[in-house]
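Coordinates in review
Letter by letter, the chains look like this.
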Amino acid sequence: MRMTVIGTGYLGATHAACMAELGHEVLGVDVDEAKIASLKDGKVPFFEPGLPEVLERNIANGRLGFSTEYADAASFAQVHFLGVGTPQQKGSFAADLTYVRQVIENLVPLLEGQHIIFGKSTVPVGTAAQLQELADSLAKPGTEVEIAWNPEFLREGYAVKDTITPDRIVVGVRASSEAAEVAREVYATAIAAETPFLVTDLATAELVKVSANAFLATKISFINAVAEICEQTGADVVSLADAIGYDDRIGRKFLGAGLGFGGGCLPKDIRAFMARAGELGADQALTFLREVDSINMRRRDRVVQLSKEICGGSLLGKRVTVLGAAFKPNSDDVRDSPALSVAGSLSLQGAAVSVYDPQAMDNARRVFPTLGYAANTQEALADAHLVVLATEWQEFRDLDPVAAAGIVDKPVIIDGRNVLDVDKWQGAGWEVHALGRNL
Ligand code: UDX
């Protein structure tokens, strides 16, 4: 099939490349000239394992192209995917829909014939219906443009796998629509592999996405709230999570206690969900998400507080190594990163902070230029009074505690992600602190 993908950020670039990989003819469109120039060159402007290979392969075989022109999108295909960002509005919890509306305003007046626009961005419930009204008001006489919603569930770091072999496909359509049949063709490979394919109304499809992210955020904050109780009682949150996780109604995934969630999705999505509930007069339904957000933020404070206690009550002049800046491993994304937030707070409280991350150094420097940045783990560890493991990159999990002890000034570490082999580290002479554990 021929299709366009409008918006070539994280979601759009991945979707475009993966649709071409599945055999479709794809045109990626973005108004950002630098981004399009880079993609045309076969270069992915962010870190995502496996994506550069898929991009290069499909540019070379001619199935994938890029353009900055909406007119090219209008003439290339009758099926369009919309994958622009919906960031948090400045000064509010609500999602900013400016970019989503701009796509409709720029694309629809250029279309002729029958077109379907599948929204993939995460939007407040009711957005698709509003965009349909907007599209109807902009379409040329005789042109029909349908808005359908096809939420995206990809995780950073696994974006290619999650797009090519998703765990489910959800398509929201209006009554008596053919969009579901078109989506079946788009996702024929996954459907042939028995991937669940759910057709819903528009509002349900929009809500599926935010509900999934709110549930994941709640699960993480649940275990982090229990971690707070463990800290007061001497209980161990890791053993506790193992024990409750064996109940398959609960499951062990997303019960990783530690510094909590960050990134470009979970924090903004739970806030936008609350804001939308308020607009709908149903704010009580989601007030618990405010607590989910607070529990999450308290974990960052806890690490800063613990660092201070370990350093004898003041961080002034202490050398603290922060391992990790990305919001999670296998990503260079520092949006709302717990690691960078902790590094920033430690620095603002007078510590000399040395940060190292295998991929996120440039992005971290842009957001927080005043922190110290090391060229590698060894340099970051040199003469440290305290080490904070903030993002669980494999490289940090594999650190040799004996060698590391020889580099630092004091062998004291806070395992902010509960991933280290505590016995091994203690055996090498380290004082190990962790969240939700009394070691
Ligand atoms: C998330 C959703 O998983 C994905 O389906 C959606 O499309 C976009 O949002 P992503 O933001 O890439 O994906 O990251 P995810 O793997 O969900 O992790 C989110 C955050 O939670 C990270 O900061 C991670 O470190 C943290 N986390 C995750 C925990 O603190 N504990 C856990 O047990 C799991």
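Residues numbered from 1 in each chain as written. Predicted model: local features only at pLDDT ≥ 70, side-chain atom pairs only at ≥ 80, totals over all residues. Heavy atoms only, no water.

1. Structural notes on the site of the ligand
Stated formally: Throughout, the term near means that a residue has one or more heavy atoms lying within 4 Å of the molecule or strand in question. Counted as a polar contact is a pair of N or O atoms within 3.5 Å, where, for protein atoms, one must be capable of donating a hydrogen and the other of accepting one, and residues adjacent in sequence contribute only when both atoms are in side chains. Note on areas: these come from Shrake-Rupley sampling with a 1.4 Å probe, and a residue is covered only by the protein chains present in the view. Under the scheme applied here, ten amino acids are nonpolar (Ala, Val, Leu, Ile, Met, Phe, Trp, Tyr, Cys and Pro), four are charged (Asp, Glu, Lys and Arg), and all others, including Gly, are polar. Segment limits for the domains were obtained from an automatic or database-derived domain assignment.
In the region of the ligand, 20 residues are neighbours, and Phe-153, Leu-154, Glu-156, Gly-256 and Lys-328 sit closest. Between the ligand and the protein, one listed contact pairs an oxygen atom with a backbone N or O atom of Gly-260 at 3.4 Å. Here an oxygen atom of the ligand sits 3.1 Å away from a polar atom, N or O, in the main chain of Gly-262. Protein contacts shield 89% of the accessible area of the ligand, which totals 670 Å² for the unbound molecule. Taken together, the residues that form the shell around the ligand break down as 10 nonpolar, four polar and six charged. When residues of the shell around the ligand are sorted by domain, at least three fall in each of domain 1 (2-200) and domain 2 (236-439).

2. Topic: unusual backbone geometry
Note the cut-off: In this text, helices come from DSSP runs of H or I with a minimum length of four residues, and strands from runs of E with a minimum of two, each type numbered from the N-terminal end. Summary of the burial criterion: residues with accessible area below 20% of their type's maximum are buried, those above 50% are exposed, and those between are partly exposed, where the area comes from a 1.4 Å probe applied to protein chains only.
Within the chain, Asp-383 stands out as a residue other than glycine whose phi angle is a positive 60°. Checked against the element boundaries, Asp-383 lands in the loop between α16 (377-381) and β12 (386-389). Classification of Asp-383 as partly exposed rests on a relative accessible area of 43%.

3. Observations concerning helix α13 (residues 287-310)
Residue pairs spaced three or four apart in an α-helix point in one direction, given the helix's 3.6 residues per turn. Heads up, the condition is: In this scheme, a helix's expected span is set at 1.5 Å multiplied by one less than its residue total.
Its 24 residues place the ends of α13 35 Å apart at the C-alpha level, agreeing with the 34 Å of an ideal helix rising 1.5 Å per residue. Regarding α13, the residues found buried are Leu-289, Val-292, Asp-293, Ile-295, Asn-296, Arg-299, Arg-300, Val-303, Val-304, Leu-306 and Ser-307. Where α13 ends, the next residue or the one after it, Gly-312, has phi of about 80°, a positive value.

4. Focus: helix α10 (residues 202-233)
Under the 1.5 Å per step criterion, the end-to-end length of α10 is 47 Å for 32 residues, consistent within 8% with the ideal 46 Å. Two to three positions downstream of the cap, the backbone nitrogen of Ala-203 sits 3.2 Å from a side-chain oxygen, assigning the N-cap of α10 to Asp-201. Two residues or fewer past α10, Gly-234 is found with a positive phi of approximately 85°.

5. Observations regarding the domain arrangement of the chain
Where we set the bar: Pairs of residues are marked as contacts when any of their non-hydrogen atoms sit within 4.5 Å. Buried area counts how much accessible surface, traced with a 1.4 Å probe, disappears from two parts once they are put together, with both parts' losses summed. Counted as salt bridges are all cases of a side-chain nitrogen of Lys or Arg within 4 Å of a carboxyl oxygen of Asp or Glu.
Domain annotation of the chain identifies domain 1 (2-200) and domain 2 (236-439). Computed over C-alpha atoms only, the centres of domain 1 and domain 2 are separated by 33 Å. In this assembly, 17 residues from domain 1 lie in contact with 19 residues from domain 2. Across the interface of domain 1 and domain 2, roughly 1,400 Å² is buried in total on both sides, 56% from carbon and sulfur atoms. The largest per-residue losses of area from domain 1 upon contact with domain 2 belong to Phe-47, Phe-93 and Glu-156, which jointly make up 48% of the total buried on that side. At the boundary of domain 1 with domain 2, the tally comes to one salt bridge. For Glu-156, the salt bridge is made with Arg-335, and the minimal N-O distance between the two is 3.3 Å. Counting the contacts that link domain 1 with domain 2 gives eight residue pairs in polar contact (both at pLDDT 80 or more). For the side of domain 1 that touches domain 2, the residue count by class is 10 nonpolar, five polar and two charged.

6. Quick look at the sheet that holds strand β13 (residues 412-415)
Condition: Two strands qualify as a pair provided that DSSP identifies no fewer than 2 bridges between them.
In spatial order, the strands read β11-β10-β9-β12-β13-β14; together these six strands make up an open sheet with parallel pairing. In the strand order of this sheet, the two ends are held by β11 (372-373) and β14 (431-434), each with one partner. Sheet analysis places β13 next to β14, joined by four bridges and oriented parallel. Residue pairing for β14: Val-412 is matched across the bridge by Glu-431.

7. Description of the pattern of salt bridges
As enumerated under the stated definition, the model contains 22 salt bridges in all. For Asp-41, the salt bridge is made with Lys-43, and the minimal N-O distance between the two is 3.2 Å. Glu-112 is the salt-bridge partner of Lys-140, the closest N and O atoms lying 2.8 Å from each other. Of the two residues, Lys-140 is situated in the loop between α6 (127-138) and β6 (144-149) and Glu-112 in the loop between α5 (98-107) and β5 (114-119); the sequence distance between them amounts to 28 residues. The partly exposed category is assigned to Lys-140, whose relative accessible area is 31%. Classification of Glu-112 by relative accessible area gives exposed; the value is 55%. Beyond isolated ion pairs, a larger network of salt bridges with shared partners links Glu-156, Asp-333 and Arg-335.

8. Let's talk about the side chain of His-24
Assignment of secondary structure puts His-24 in the loop between α1 (10-21) and β2 (25-29). For His-24, the side chain forms a polar contact with the main-chain nitrogen of Met-1, separated by 3.2 Å. Apart from residues lying up to four places away in sequence, His-24 is in contact with Met-1, Met-3, Met-19, Arg-63, Glu-185 and Val-186.

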